[in-house]
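# Summary of the model geometry
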Amino acid sequence: PGHFAKNIEPVGYHDLNGKPAFKLALQEVNRRWYLYVAHLWHRGWSVLEVTDPAEPQLCNFIPGPENTWTIQVQVADGKMITGLERIAPGWGGADGQAFAEGFFIFDVSAPTEPKRLGHFETGSTGTHRNFYDGGHLVHAAAGAPGLNGKIYRIIDIADPTKPREVGRFSLPEQRQQEPGNGLKFSCHGPAHVEGDRAYVSYGDGGGIILDVSDISAPKMISQVAFR
C-alpha cells in the first residue's frame, strides 16, 4: 500500500522513523554500501546501510539546524556536503527567525558516524542544489549579498575547516536594482561539471554552458532561454 511500480520490483523499504526521504546520496566503503538521506520536513540527515537492499538498516540520524532547509546532500571522496538554506515561504519555516545557511562539510570516512569539519556561509539565503564529485571544489547554487536569487559559486574545500570562494558567475539581471519584469533569474543547480565545462540550470535564464578552465572567472559560452 502507498506505492505502485511498473517493470520495477521493490526489494526493500525503511520508514526512516517517520522522516520521509527527499534527496539521496550513496557511497561504498570496504564493499559495503551506505545511503545518506536528506529530508524535506525534518531538519537533518539519516544514514543507512543498504548493502543488503532487502534489509536496509538505519544507523544514525544527524540533527540539522532549526528553521533551516537541510534538503540537499552530496557524498564523494569520503566527504558529505549538506546544503543549508532559508526555508521558502509556505514550506514550514518561521519568518523572521534565525536560520543557518551555506553548507556543512562532513568527514564520512567512518560511514555511519559523520564528523563535521567545516561550514561555508554565503552571507545570504544559503545554498540549494550543489555539485560535488570529490576533490577540493564544491560547485554551489548559492545566495550572494547584493544579488537576487541564487548564483553559481565555486568553493575550495581543500582545507575543509576554512572553505573559501574561488570563483563565481551571475547574470546581469540578478543585480538588485534591476527590474524583475516578472521573471526569476536564479541558479537552481546543480551545475554539472565535465572537464572545463559547467552546465547550469538558471530558471528564466535558461540553460547555460560555462567555460570554467579558469575557475576564478567562469565565462558564458552559450545560453538557451525557455520563456
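Predicted model only: the values in this text are computed from it and were never measured.

## Notes on the overall build of the chain
On a plain count of helices and strands, the chain comes out with zero helices and 15 strands. A globule of 227 residues ought to have a C-alpha radius of gyration of about 17 Å, and the chain, at 18 Å, matches this closely. Each principal axis of the C-alpha distribution contributes one length, and for the chain these read about 55 × 40 × 35 Å. Here the contacts in the chain between residues at least 6 apart in sequence split such that 42% fall between residues at least 24 apart. As presented, the chain carries roughly 12000 Å² of accessible surface, and 50% of it is formed by carbon and sulfur atoms. Each charge class in the chain was averaged separately, 21 positive and 25 negative side chains, and the resulting centres sit 4 Å apart.

## A word on the sheet that holds strand β14 (residues 207-211)
The sheet built from four strands is open, its strands ordered β12-β13-β14-β15 with antiparallel pairing. Of all the strands in the sheet, the pair left with one neighbour each is β12 (192-194) and β15 (219-224). Taken pair by pair, the neighbouring strands of this sheet meet at an average axis angle of 20°, ignoring direction. Strand direction decides the pairing type here: strand β13 (residues 197-201) and β14, joined by five bridges, are antiparallel. From the neighbouring strand, R197 faces β14, where its bridge partner is D211.

Quick notes on the rules
- Residues numbered from 1 in each chain as written.
- Predicted model: local features only at pLDDT ≥ 70, side-chain atom pairs only at ≥ 80, totals over all residues.
- Heavy atoms only, no water.
- Helix = DSSP H or I, 4+ residues; strand = E, 2+ residues; numbered from the N terminus.
- Rg over C-alpha atoms; globule rule 2.2 N^0.38 Å.
- Contact = heavy atoms within 4.5 Å.
- Areas by Shrake-Rupley, 256 points an atom, 1.4 Å probe, with all protein chains shown as cover.
- Lys, Arg positive; Asp, Glu negative; His and termini not counted.
- Charge placed at Lys NZ, Arg CZ, Asp CG, Glu CD.
- Pairing = 2+ DSSP bridges.
- Axes fitted to C-alpha atoms, helices over the stretch in contact; angles between N-to-C directions.

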